[in-house]
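# Coordinate analysis (summary)
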Amino acid sequence: MSDISVAVIIGSLRSASINRKLAQEVVKLNAPGLRFDIIEIGDLPLYNQDFEEAPPPAVTAFRDKVKAAQAVLVISPEYNRSLPGVLKNAIDVGSRPYGHNVWGNKPGGLFGASPGAIGTAVMQAHARDVLAAVGVTVFSGPEVYLTVKDGFYDEAANLNPGTAKFLQGWMDGYVDFVKKMLA
């Protein structure tokens, strides 16, 4: 049996973002049976119903990649106590036109990191609602609220051993969840 394809969506466009680095490290964790594909969202235009009949190439490419994936993993910062606009836009672009939602019936994972004391807790609460509305069933435990402080990454941008161990535990649960959802 081939590996389960997981679309990784990063809710930050900045090349050196905390969450982009985090995603690059997370996809290196032991996840037997899963294959991760980071799908970029920076080229997506703002959702506009006018382009549904003849979508721009970036929209078609994005939708095709998400549709082909069997599962989703969203790693995102929190902006103004919610999800970043680029992430919400990507979810909207993938959910339209009506009847052609590429997110539906996929198992999902969700977390993020922030220098703030509560990590990305509020973003995740909002994102869970939005993802549920488009048919993504988000893995519920353990929830991950990472606070980035000195020592979170080493000089080579690797996660510190404690965080890596914690995330490996999360990944073990996510792998089981995805496999059960798709069985």
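Every value quoted in this text rests on a predicted model; they were computed, and no experiment measured them.

Let us now look at the overall build of the protein chain. Scanning the protein chain for helices and strands turns up five helices and six strands. Secondary structure elements in the protein chain, listed N-terminal to C-terminal, are β-α-β-α-β-α-β-α-β-β-α. The C-alpha atoms of the protein chain give a radius of gyration of 16 Å, which matches the 16 Å a tight globule of 183 residues would have. A principal-axis box enclosing the C-alpha atoms of the protein chain has dimensions of 50 × 40 × 25 Å.

Moving on: unusual backbone geometry. Following Arg-96, the chain continues into Pro-97 via a peptide bond in cis, with omega recorded as 0 degrees. On the secondary structure map, Pro-97 appears in the loop between helix 3 (85-95) and strand 4 (106-114). Cis geometry marks the peptide bond from Gly-141 to Pro-142; its omega dihedral reads -10 degrees. You can see Pro-142 is positioned in the loop between strand 5 (136-138) and strand 6 (145-147). Phi at Asn-80 takes a positive value of approximately 50 degrees, unusual for a residue other than glycine. With respect to the secondary-structure elements, Asn-80 resides in the loop between strand 3 (71-75) and helix 3. Residue Asn-105 is not a glycine yet carries a positive backbone phi of 65 degrees. By the secondary structure assignment, Asn-105 is in the loop between helix 3 and strand 4.

Now for the packing of helix 2 (residues 57-68) against helix 3. Put simply, helix 2 and helix 3 touch, their axes get as near as 9 Å, and they point 80 degrees apart. One element, helix 2, and the other, helix 3, form an angle in the roughly perpendicular class. Counting all contacts with helix 2, which are made through Val-59, Phe-62 and Arg-63, the residues of helix 3 involved are Ala-90, Val-93, Gly-94 and Ser-95. Considering only residue class, the contact of helix 2 with helix 3 consists of four nonpolar, two polar and one charged.

Our next topic: the nonpolar core. Residues Leu-22, Val-26, Leu-73, Phe-111, Leu-167, Met-171 and Tyr-174 are the most contacted members of the largest nonpolar core, which totals 30 residues. Listed by contribution, the elements that provide at least two residues to this core are strand 1 (4-10), helix 1 (18-26), strand 2 (34-39), strand 3, strand 4 and helix 5 (161-182). Considering every element that reaches this core, the biggest residue donor is helix 5, with seven residues. Residues contacting Tyr-174, with those up to four places away along its chain left out, are Val-6, Leu-34, Ala-71, Val-72, Leu-73, Pro-107, Gly-108, Gly-109 and Phe-139. Counting 27 residues, the second largest nonpolar core, distinct from the first, contains Phe-62, Leu-83, Leu-131 and Val-138.

Attention shifts here to the side chain of Asn-89. Of note, Asn-89 is situated in helix 3. A polar side-chain atom of Asn-89 sits 3.0 Å from the main-chain carbonyl oxygen of Pro-45. Here Asn-89 is in contact with Leu-44, Pro-45, Leu-46 and Tyr-47, once residues within four sequence places are set aside.

Tracing the sequence through the fold places Val-136 in strand 5. For the pair Val-136 and Val-72, spaced 64 residues apart in sequence, the C-alpha separation works out to 8.0 Å.

Cut-offs applied
- Residues numbered from 1 in each chain as written.
- Predicted model: local features only at pLDDT ≥ 70, side-chain atom pairs only at ≥ 80, totals over all residues.
- Heavy atoms only, no water.
- Helix = DSSP H or I, 4+ residues; strand = E, 2+ residues; numbered from the N terminus.
- Rg over C-alpha atoms; globule rule 2.2 N^0.38 Å.
- Axes fitted to C-alpha atoms, helices over the stretch in contact; angles between N-to-C directions.
- Parallel < 35°, antiparallel > 145°, perpendicular 65-115°, else oblique.
- Contact = heavy atoms within 4.5 Å.
- Nonpolar A, V, L, I, M, F, W, Y, C, P; charged D, E, K, R; others polar.
- Core = buried A, V, L, I, M, F, W, Y, C linked by side-chain atoms within 4.5 Å.
- Buried < 20%, exposed > 50% of the residue type's maximum accessible area, 1.4 Å probe, protein only.
- Polar contact = N/O pair within 3.5 Å; in protein donor to acceptor, adjacent residues only side chain to side chain.

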